[in-house]
Structures are given as C-alpha cells and as structure tokens.
Amino acid sequence: MKPPVMKALEEWKDASDALQERAVNVLRLALPGLDHSKTPPYCCPVTLTIDRPGDLGHGRICIDDDRRATVEITNLPNAVIAEGIDAVFGIGWFDSTDAALEDCEPGKYHYDDEMSGSEYTIGLGEDPADGSLNIDYVPIPFAAEVLDAISTARDRQADEHPDTARDGSSA
C-alpha cells in the first residue's frame with residue numbers, strides 16, 4: 001500500500017475510534033448506570049449493560065461499526081417509558097396508539113422510522129414495573145435522546161413521588 005494511502009487509512013481509523021468513544025460517552029451520560037459489559041461484546045465492537053431493574057432497567061446496548069445502537073432494556077417501569085417516549089415522539093406516534101402511552105393498555109407498540117431505518121418496540125407490561133424498550137439500528141443521537149428522556153422521566157417521577165419506590169410500589 002502506498003504511504004499516503006496508509007497514512008490516510010490510519011487517520012481514518014483514529015477518527016473512527018474517537019467517534020466510537022464519543023458514542024459510548026454520550027450514551028453513558030444519557031442513561032446513568034450504563035457501563036461496559038463484563039463479558040465480550042456480542043455482535044458489536046462495544047456492548048454497554050445496565051442492571052437497575054425497576055429503576056432504569058436491565059439490559060444492554062450494542063454499538064456497531066456504523067455507529068448505530070441496538071437497545072434492549074427490560075424491567076423498566078411503564079410510567080417511565082410512557083413519559084419518556086411521549087416526550088420524544090409526542091402523543092399517538094406508535095402503531096395502535098391514539099393517546100398518551102400512559103393511557104394505553106399493556107402490550108407491544110411499534111414504530112418503524114423509514115428515514116433512519118430504526119425499529120422501535122415499546123412494551124408496557126401487565127406488571128407496572130416490567131416494561132421494555134427495544135430499538136434496532138438507531139443512530140447514536142436518536143438513542144441518546146430516547147435514553148435521556150427515559151432518565152429524565154425517572155428523575156422527575158422520583159422527585160414528584162418521593163414516598164413511592166422506583167418500581168411504583170409504596171416505599
């Protein structure tokens with residue numbers, strides 16, 4: 001390989017590595033408790049995990065080489081999901097919803113973003129502390145916006161109801 005091509009490729013790799021570090025940083029800031037997985041990454045170069053069931057959830061976020069994330073979080077309170085998702089998308093954005101998510105029955109709600117190619121699935125559990133958030137192939141800025149809204153909703157609800165445990169039960 002010609003030296004200028006080798007140098008340019010090396011510069012590209014350095015920039016790519018820096019961009020990945022920034023992606024990890026923004027996601028960890030958006031959802032407190034996210035940390036690098038203790039196990040090897042799955043199919044992606046970076047896997048972050050969270051283990052705060054009934055609070056900010058339990059699950060993982062994978063960041064691929066295209067700087068897109070796959071978010072898989074369970075054990076997230078329905079009220080936190082509903083408030084956070086409605087804050088980002090507005091009311092009635094997901095399939096089969098005409099109202100705020102907090103007014104929807106337990107079940108799965110979907111949205112396919114044709115612009116970004118992302119697929120969102122919100123699960124409102126029968127148990128109010130057992131909702132789920134699954135987002136496939138989402139650009140990092142969109143993932144950060146959703147995770148920050150979830151964290152902000154959790155903080156606001158905790159401030160508003162200090163006598164209630166994070167999972168919605170009486171403290």
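Some words on the overall build of the protein chain
The helix and strand tally for the protein chain stands at three helices and seven strands. Each helix and strand of the protein chain, ordered N terminal to C terminal, gives the series α-β-β-β-β-α-β-β-β-α. Taken over the C-alpha atoms alone, the protein chain extends approximately 65 × 35 × 25 Å along its principal axes. Expressed as a percentage of the 171 residues in the protein chain, the buried residues total 42%. Look at the contacts in the protein chain between residues 6 or more apart in sequence, and 43% of them connect residues 24 or more apart. Carbon and sulfur atoms form 53% of the exposed surface of the protein chain, whose accessible area is close to 9600 Å². Side chains of the protein chain carry 14 positive and 34 negative charges; the gap between the two charge centres is 11 Å.

Quick look at the nonpolar core
Judged by nonpolar contacts, the single largest core of 39 residues is most densely connected at Leu27, Ile85, Ile122, Leu133 and Leu147. If one sorts the elements of this core by residue count, helix 3 (residues 140-160) sits on top with seven residues. Filtering out sequence-adjacent residues up to four positions away, Leu133 remains in contact with Val71, Glu72, Ile73, Leu76, Ile85, Thr121, Ile122, Val146, Leu147 and Ile150.

What to know about a nonpolar patch on the surface
On the surface, a cluster of nonpolar side chains totalling about 580 Å² of accessible area is made up of Met1, Val5, Met6, Leu9 and Trp12. Residue position: Leu9 is located in helix 1 (residues 3-30).

Notes on the pairing of strand 5 (residues 107-113)
In the sheet, strand 5 pairs with strand 6 (residues 118-124) via seven bridges, with the strands oriented antiparallel. Along strand 6, the bridge assignment pairs Tyr109 with Ile122.

Side note on the sheet that holds strand 7 (residues 131-139)
If you trace the seven strands from one edge of the open sheet to the other, you get 1-2-3-4-7-6-5, paired in antiparallel fashion. The open sheet is flanked by strand 1 (35-36) and strand 5, the only strands paired with a single partner. Bridge count for strand 6 against strand 7 is five bridges, and the pairing is antiparallel. By the bridge assignment for strand 7, Tyr120 is matched with Ile135. In the packing of helix 2 (residues 78-89) onto the sheet, contacts are made with strand 4 (68-76), strand 5, strand 6 and strand 7, and the angle to strand 6 comes to roughly 145°. Strand contacts of helix 3: strand 2 (46-52), strand 3 (57-63), strand 4, strand 5, strand 6 and strand 7, with the helix running at about 155° to strand 7, the strand carrying the most contacts.

Side note on the packing of helix 2 against helix 3
Axis separation between helix 2 and helix 3 bottoms out at 8 Å; the angle between their running directions is 130°. In this view, helix 2 runs oblique relative to helix 3, as classed from their interaxial angle. The chirality of how helix 2 crosses helix 3 is right-handed. Every residue of helix 3 that contacts helix 2 at Ala79, Val80, Ile81, Glu83, Gly84, Ile85, Val88 and Phe89 is listed here: Glu145, Val146, Ala149, Ile150, Ala153, Arg154, Arg156 and Gln157.

A short note on helix 3
Under the 1.5 Å per step criterion, the end-to-end length of helix 3 is 30 Å for 21 residues, consistent within 8% with the ideal 30 Å. Inspection of helix 3 places Ile140, Ala143, Ala144, Val146, Leu147, Ala149, Ile150, Ser151, Ala153, Arg154 and Gln157 among the buried residues, and these make up the whole buried set.

Procedures and definitions
- Residues numbered from 1 in each chain as written.
- Predicted model: local features only at pLDDT ≥ 70, side-chain atom pairs only at ≥ 80, totals over all residues.
- Heavy atoms only, no water.
- Helix = DSSP H or I, 4+ residues; strand = E, 2+ residues; numbered from the N terminus.
- Buried < 20%, exposed > 50% of the residue type's maximum accessible area, 1.4 Å probe, protein only.
- Contact = heavy atoms within 4.5 Å.
- Areas by Shrake-Rupley, 256 points an atom, 1.4 Å probe, with all protein chains shown as cover.
- Lys, Arg positive; Asp, Glu negative; His and termini not counted.
- Charge placed at Lys NZ, Arg CZ, Asp CG, Glu CD.
- Core = buried A, V, L, I, M, F, W, Y, C linked by side-chain atoms within 4.5 Å.
- Patch = residues over 30% accessible without salt bridge, like charges linked within 9 Å, V, L, I, M, F, W, Y side chains within 5 Å.
- Salt bridge = Lys/Arg side-chain N within 4 Å of Asp/Glu carboxyl O.
- Pairing = 2+ DSSP bridges.
- Axes fitted to C-alpha atoms, helices over the stretch in contact; angles between N-to-C directions.
- Parallel < 35°, antiparallel > 145°, perpendicular 65-115°, else oblique.
- Left-handed = near helix turned anticlockwise from the far one by under 90°.
- Expected span 1.5 Å × (residues − 1).

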